[in-house]
Structure formats: C-alpha cells, structure tokens
Amino acid sequence: MPRSVAVLMDPIGAIKIAKDTTFAMLLEGSRRGHRLYYMEQGDLALRDGTPWARLRPLSVKDDPAGWFTLGEAVWTDLRTLDIVLMRKDPPVDAQFIYDTMVLEAAQRAGVQVINDPQALRDCNEKLFATQFPQCMAPTLVARDPAELRKFVAEHGDAVLKPLDGMGGRGIFRVKAGDKNLNSMLETLIGGDAHGEGRQLAIAQKFIPQISAGDKRILLIDGEPVPYALARIPQGDEFRGNLAAGGRGEGVPLSDRDRWIAAEVAPDLRRRGLRFVGLDVIGDYLTEINVTSPTCVRELDKQFGLNIAGLLFDAIEAGAH
C-alpha cells in the first residue's frame, strides 16, 4: 500500500548520491510507489501546537546528471503523513533539538518518525556509547584539562574528540609527552582562564586495530546487517572516516561484532532507534550513530544488498 513519506535532510542538491544513505532510502521509497515529500530545517513550524511543514513533492532517480525533481511547496499538517525520515546531519544543536520537538508532535498523532525524536535528543553519539562500558576501550569524558592530561599520561596514546562532531572533524591523536597537548585541549574544550565556558570532550585509549579499519555496523530494529564497512585510514592519516579520506571495504561481521550488537540492541529497540550505525574498532565500540548513519550505498554495491529495503520492510510492518 503506498504511504506518504517525508524526509527532513540537508540540501538534496549538495549530496553525493553514490555515498548518500538518505538517497538510498528515497530511491527505495520511490520503488515501492510511496509518495515522497522533501523539507529542510527551515520548513518546520508549530501552529497552536499542531506540527506543520512546508513540503515539496519529491521524485528521485539514480542518475548523477540529475537525481531529483521538486514540486511546489505547500504548507501541510504533518499529522496527515504516514512516515517522516529525520535525516538532518549533526551538529545536534539547539535548532536540531527544537526540530525533534516539532516532529514529536507528529509522532503523538501516530506518524512514524525514524529515528524517535526523544531518542535523538537523549542519545549523543559519543556519550550514548558510554552506557555500554563492557563494549568500550578506556574512555573519559571531562571538561577539566588536568584530568584529560592525566588520562593521556596513563594510557600513553589516546584519541581526543568533541562531543558534537561528525566525519572525523576535530579529532586528535596524542601521545604522552606531546608538547601540543595543551593546544589540542584548548581547541576542544575552550573556555577562559578561569575555566568558564568549557565544553565537554571525550578521550579514548588509542586502538591500534584502526589500521584494519573503523567498522560501521548498521542495525535495523536492533538486527545487524551481516556485513560492515571497514573505513581504512590511508597514508599517514589515523582517521578512517570516509570524509577524512578513508577507504571503505566491506567485511563480514565477526563474533565480537555480533556480541556488541546484541549488547546494544535491546536499548535501541526500547528507545525507538530503528536505524543505527555502530562504530567498532578492533574489539571495541567507539560511537553509536543515531542521527544520520551512512554506508548503505557502499555495502549494497559490494554485497548486492538492499539495506533500505530491509528498513522499509520494518517500517511498513510497523515493527518497533
């Protein structure tokens, strides 16, 4: 049965369709005969508590010369839709949070919002992973530069990250005794000489197995896709992120990968996190991506999969 499917995303004209997971979802929705609608962040509104959006009919095709066509924008009551795909990239800033509140009003009226708006607010992609310490390498989240310096000294080799980044931006690898450590911490946590205005940062023990790739494991309703995309650093780069120049190579899940997925899955299901990407390096979970996980197009191509099809099967079944 055709459904109405709206997507909230970053500008569709700027995406790279060969790598864009949101585009894979839209292609699958089109193949199934669903009515597609497009909106960006500025298109949401609440009128007397009712969620509205300036929606444009959307058609898509897998053609790099012209992959989308948009119709005329019409203000529409979001409660009349069947499905909303919330695929806005980070940062999860105040405006993103407000968007989830508008979408939550649609959800209360019975619209399926993927992923769950409250879960998007609650589950910071770096901090959420710390709820599963049995899966993680040693990790510290702090604003205090002295504590972060002690962590680096204790473990000898560490990775420092902001809590709101994506695509490998703002990530530093640092070894004990590095004279640049203070500068790195100033960049990450900021603040004045009295410590006011500091931001939380995360430090993790460096995992040498990054040389074999930072694996992205995709889960649909808590069930892992049987292959991961290992994003392998190139040259002198330690980051595996594709946006940082990493090379993507599909690999079957290991027993440890499946164990990590099984540890995390019940909480994902409980929260309504229906499409999630776990980042695993070696034996360790490093992040849980809930906003706009990627790597579907690469895995589909390498293994003849249709991951977006599995997602739509789950959505259409109404399974949570």
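As a starting point, this report considers the structure included with it. What you see is a predicted model, and the numbers here were worked out from it, not measured in a lab. (Residues numbered from 1 in each chain as written. Predicted model: local features only at pLDDT ≥ 70, side-chain atom pairs only at ≥ 80, totals over all residues. Heavy atoms only, no water.)

**Quick word on the packing of aromatic side chains**
Taken as a whole, this structure holds three aromatic pairs when the rule is applied. Judged by centre distance (5.8 Å) and plane angle (65 degrees), the rings of Phe128 and Phe132 are edge-to-face. For the pair formed by Phe128 and Phe132, the shared burial category is buried. Ring geometry for Tyr227 versus Phe303: centroids 3.9 Å apart, planes at 15 degrees, classification stacked. With a gap of 76 residues between them, Tyr227 in strand β15 (residues 227-232) and Phe303 in helix α7 (residues 296-303) connect regions that are remote in the sequence. For Tyr227, a relative accessible area of 26% gives the class partly exposed. The ring of Trp52 carries Arg47 above its face, with NZ or CZ at 4.6 Å from the centroid. (Phe/Tyr/Trp six-rings, centres within 6.5 Å; stacked < 30°, edge-to-face > 60°. Buried < 20%, exposed > 50% of the residue type's maximum accessible area, 1.4 Å probe, protein only. Helix = DSSP H or I, 4+ residues; strand = E, 2+ residues; numbered from the N terminus. Lys NZ or Arg CZ within 6 Å of the ring centre and 35° of its normal.)

**Comments concerning the pattern of salt bridges**
All chains considered together, the criterion is met by 22 salt bridges. In this structure, the salt-bridge partner of Asp10 is Lys88, at a minimum N-O distance of 3.0 Å. Here the residue Asp10 occupies a position in the loop between β1 (4-8) and α1 (21-31), and Lys88 occupies one in the loop between β7 (83-86) and α2 (94-108), the gap between them amounting to 78 residues. On the basis of relative accessibility, which here comes to 23%, the residue Asp10 falls in the partly exposed class. (Salt bridge = Lys/Arg side-chain N within 4 Å of Asp/Glu carboxyl O.)

**Observations regarding the side chain of Glu104**
The topology assignment puts Glu104 in helix α2. With a relative accessible area of 14%, Glu104 lands in the buried category. In this structure, Glu104 is in contact with Pro117, Gln118 and Arg121, ignoring residues within four places of it in sequence. (Contact = heavy atoms within 4.5 Å.)

**Details of the nonpolar core**
Residues Met39, Leu278, Leu285 and Ile288 are the most contacted members of the largest nonpolar core, which totals 39 residues. In contact with Ile288, other than residues within four places in its own chain, are Glu125, Phe128, Ala129, Phe132, Val264, Leu268, Val276, Gly277 and Leu278. Formed by 33 residues, the second largest nonpolar core is a distinct cluster that contains Ile15, Leu36, Leu229 and Ala308. (Core = buried A, V, L, I, M, F, W, Y, C linked by side-chain atoms within 4.5 Å.)

**Comments concerning empty space enclosed by the protein**
One pass over the full model with this rule turns up one cavity of 30 Å³ or more. Each pocket or cavity is described by its volume, and for the largest cavity that value is around 40 Å³. What lines the largest cavity is Met25, Met86, Arg87, Ile114, Asn115, Phe275, Val290, Thr291 and Pro293. (1 Å grid on protein atoms, 1.4 Å probe; cavity = no way out; pocket = protein on both sides within 12 Å on 5 of 7 lines; lining within 4 Å. Points joined across faces, edges and corners; volume = space filled by probe spheres on them.)

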